[in-house]
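Structural features, examined
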Amino acid sequence: MNLIMFAGFLPFGIGSAFMESMMWLSVILYILGGVILTFSLIYGIKNVRCPHCGQMQSLKLWPITTCPYCKKRVDRPF
């Protein structure tokens with residue numbers, strides 16, 4: 001999810017580079033970046049859950065090993 005989200009920032013940077021010469025291209029790239037960022041956030045909210053209790057886990061960049069709700073290990077599903 002985080003990789004997709006960071007890839008969503010790439011069209012924003014490229015669109016900013018073309019802001020002066022090709023305004024239509026920068027607008028298209030801004031929209032594409034927004035769609036990618038929105039998709040990654042929706043994907044993270046729907047799929048980053050504890051395999052045991054189903055509660056939403058942290059969307060931070062570092063991995064967690066135990067669920068803060070049920071205190072079971074989340075790095076392996078059994």
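Here the structure is shown first, and the text comes after it.
Residues numbered from 1 in each chain as written. Predicted model: local features only at pLDDT ≥ 70, side-chain atom pairs only at ≥ 80, totals over all residues. Heavy atoms only, no water.

Overview of the packing of aromatic side chains
A complete count under the given rule lists 3 aromatic pairs for this structure. Here the aromatic rings of Phe9 and Phe12 are separated by 6.5 Å at their centres, their planes lie at 45°, and the arrangement is tilted. Separated by 3 residues within a single helix, Phe9 and Phe12 lie in helix 1 (residues 2–17), roughly one turn from each other. A relative accessible area of 43% places Phe9 in the partly exposed class. An aromatic cluster is built from Phe9, Phe12 and Tyr30, whose rings are joined through pairwise contacts. (Phe/Tyr/Trp six-rings, centres within 6.5 Å; stacked < 30°, edge-to-face > 60°. Helix = DSSP H or I, 4+ residues; strand = E, 2+ residues; numbered from the N terminus. Buried < 20%, exposed > 50% of the residue type's maximum accessible area, 1.4 Å probe, protein only.)

Remarks on the layout of surface pockets
Put simply, the largest pocket is a space of about 260 Å³. Per-class residue counts for the lining of the largest pocket are 9 nonpolar, 4 polar and 2 charged. (1 Å grid on protein atoms, 1.4 Å probe; cavity = no way out; pocket = protein on both sides within 12 Å on 5 of 7 lines; lining within 4 Å. Points joined across faces, edges and corners; volume = space filled by probe spheres on them. Nonpolar A, V, L, I, M, F, W, Y, C, P; charged D, E, K, R; others polar.)

Details of helix 1
With 16 residues, helix 1 ought to run about 22 Å at 1.5 Å a step, and its terminal C-alpha atoms sit 24 Å apart, in line with that. Every buried residue of helix 1 is listed here: Asn2, Met5, Gly8, Pro11 and Gly15. Axial view of helix 1: buried residues confined to an arc of 165°, hence all on one face. Along helix 1, the residues that are exposed and aim more than 90 degrees away from the buried face are Leu3, Leu10 and Ala17. Residues of helix 1 that are buried in the fold lie against helix 2 (23–47). (Expected span 1.5 Å × (residues − 1). Arc of directions from axis to C-beta. Contact = heavy atoms within 4.5 Å.)

Some points on the side chain of Gln57
Structurally, Gln57 is set in the segment after helix 2. Judged by relative accessible area, which is 8%, Gln57 ranks as buried. Here Gln55 takes part through its backbone oxygen, which lies 3.4 Å from a polar atom of the side chain of Gln57. (Polar contact = N/O pair within 3.5 Å; in protein donor to acceptor, adjacent residues only side chain to side chain.)

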